[in-house]
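In case you want the letters, here they are:
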Amino acid sequence: MATPQLLPKSSPSVSGYSKIKSAPEELLKEINRLCADSQWREAEVLIRQALALGDDRSEIYRALGGCLASLARGAEAARAFRTALLIDPTSAQARTDLILGLDHLETTGYEQSLFERQQFWKAHGVKRYETRKPHLNDRDPDRPLRVGYVSGDFRFHSAMMVCGHIILGHDHSPAIKPYLYSFLPHKQYDRCTEVYQA
């Protein structure tokens, strides 16, 4: 499968990358910082500089896919995620990125979507399933059901527009006790976050 087009090695902007190419983890930190600040184009430039100079780690292609997806370049993003997975077939995160990337493409049909998920199960799910332990929960059918929600989007976000009313609706039912686990950065808290905290 063709990899995303790289910047030419003679690009004058490569010198900016050269300063940190000897510290791979610092490079990823800088890319992640740019992405966290929604500076997708700047992050893409840095990533392509790294690729042009031979830094072809799976993490770099995953970062490229994330940038391209955020720039609404879904087909390119899917190719980058696929490349990341080819480089490191053991990466569950790379496979997850690919599945989510393909889900956003109009050209992805049911068969391909199912196939990629089956591949994920074979590569990452089977062994973990074999080591599962039985639940020790109280099996009293009249006890309150504890429902956990894990998200980085407990804020004004499309995901919460869809399911927020369901989560908040649990407050009116003694049969369900919701537990919310958030990894939303504090700087992104807003009024909607406060509602969920209450």
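Keep in mind that this is a model prediction, so the values were computed, not measured. (Residues numbered from 1 in each chain as written. Predicted model: local features only at pLDDT ≥ 70, side-chain atom pairs only at ≥ 80, totals over all residues. Heavy atoms only, no water.)

*Asks:* When you look at helix α3 (residues 40-52) in this model, what are you seeing that I'm missing?
*Replies:* Owing to its 3.6 residues per turn, the α-helix brings residues three or four apart onto one side. Look at α3: 18 Å from first C-alpha to last across 13 residues, which is about the 18 Å you get at 1.5 Å a residue. Buried residues of α3: A43, E44, L46, I47, R48, Q49, A50, L51 and A52, and no others. (Helix = DSSP H or I, 4+ residues; strand = E, 2+ residues; numbered from the N terminus. Expected span 1.5 Å × (residues − 1). Buried < 20%, exposed > 50% of the residue type's maximum accessible area, 1.4 Å probe, protein only.)

*Asks:* Would you explain unusual backbone geometry in this entry?
*Replies:* In most cases, non-glycine residues show a negative phi, while peptide bonds are predominantly trans. With a phi close to 60°, S38 is a non-glycine residue in the positive phi region. Examined against the element boundaries, S38 turns out to sit in the loop between α2 (24-36) and α3.

*Asks:* What should I look at first to understand the packing of aromatic side chains in this one?
*Replies:* We describe a pair of aromatic rings using the distance from one ring centre to the other and the angle between the two ring planes. Taken as a whole, this structure holds two aromatic pairs when the rule is applied. R132 extends its terminal NZ or CZ atom over the ring of Y129, reaching a point 3.7 Å from the ring centre. (Phe/Tyr/Trp six-rings, centres within 6.5 Å; stacked < 30°, edge-to-face > 60°. Lys NZ or Arg CZ within 6 Å of the ring centre and 35° of its normal.)

*Asks:* Can you walk me through the packing of α3 against helix α4 (residues 58-70) in this structure?
*Replies:* The relative placement of two packed helices is expressed as an angle between their axes plus a distance between the axes. Between α3 and α4, the shortest axis-to-axis distance is 9 Å and the interhelical angle comes to 150°. Judged on the interaxial angle alone, α4 and α3 are roughly antiparallel. Relative to α4, the crossing made by α3 is left-handed. Only I60, Y61, A63, L64, C67, L68 and S70 of α4 make contact with α3, whose side of the interface consists of W40, A43, E44, I47, R48 and L51. Residues belonging to the contact of α3 with α4 are distributed by class as follows: ten nonpolar, one polar and two charged. (Axes fitted to C-alpha atoms, helices over the stretch in contact; angles between N-to-C directions. Parallel < 35°, antiparallel > 145°, perpendicular 65-115°, else oblique. Left-handed = near helix turned anticlockwise from the far one by under 90°. Contact = heavy atoms within 4.5 Å. Nonpolar A, V, L, I, M, F, W, Y, C, P; charged D, E, K, R; others polar.)

*Asks:* Would you mind showing me how to read the nonpolar core here?
*Replies:* By size, the foremost hydrophobic cluster in this structure holds 26 residues, and its most contacted members are L27, I31, I47, L51, I60 and L64. Breaking this core down by element, the ones donating at least two residues are α2, α3, α4, α5 (74-87) and α6 (92-103). (Core = buried A, V, L, I, M, F, W, Y, C linked by side-chain atoms within 4.5 Å.)

*Asks:* How should I be thinking about the pattern of salt bridges in this particular structure?
*Replies:* Pairing of side chains with opposite charge becomes possible as their charged atoms draw close. The full count for this structure, using the stated rule, is twelve salt bridges. For K29, the salt bridge is made with E26, and the minimal N-O distance between the two is 3.6 Å. Taken together, the residues K29 and E26, both in helix α2 and three residues apart, mark about one turn of the helix. The partner of K187 in a salt bridge is D37, and the shortest N-O contact between them spans 3.6 Å. On the criterion of sequence distance, the pair formed by K187 in the loop between β2 (176-182) and α9 (191-197) and D37 in the loop between α2 and α3 is long-range, its members being 150 residues apart. On the accessibility criterion, K187 (62% relative accessible area) is exposed. For D37, a relative accessible area of 35% puts it in the partly exposed group. (Salt bridge = Lys/Arg side-chain N within 4 Å of Asp/Glu carboxyl O.)

*Asks:* What exactly am I supposed to notice about the confidence of the model for the protein here?
*Replies:* When pLDDT is low, close inspection of the predicted coordinates is not appropriate. Mean pLDDT over the protein stands at 84; residues scoring 70 or higher make up 88%. Note that pLDDT drops below 50 for residues 1-16; the model gives that stretch 27 contacts with residues more than four away or on any other chain. (pLDDT = per-residue confidence, 0-100.)

*Asks:* I would appreciate a short explanation of α6 in the present structure.
*Replies:* Between its terminal C-alpha atoms α6 stretches 17 Å, which fits the 16 Å expected from twelve residues at 1.5 Å a residue. Summarising the contacts, the buried residues of α6 are in contact with α4, α5 and α7 (110-130).

*Asks:* Would you mind going over the pairing of β2 with me for this structure?
*Replies:* Remark: a regular strand shows side chains that alternate across the two faces of the sheet. Taken together, the seven bridges between strand β1 (residues 145-151) and β2 define a ladder with parallel strand orientation. By the bridge assignment for β2, V147 is matched with P178. Once the chain exits β1 it traverses helix α8 (residues 158-169) before rejoining the sheet at β2, and the crossover so formed is right-handed. (Pairing = 2+ DSSP bridges. Right-handed = clockwise from strand over helix to strand, strands pointing away.)

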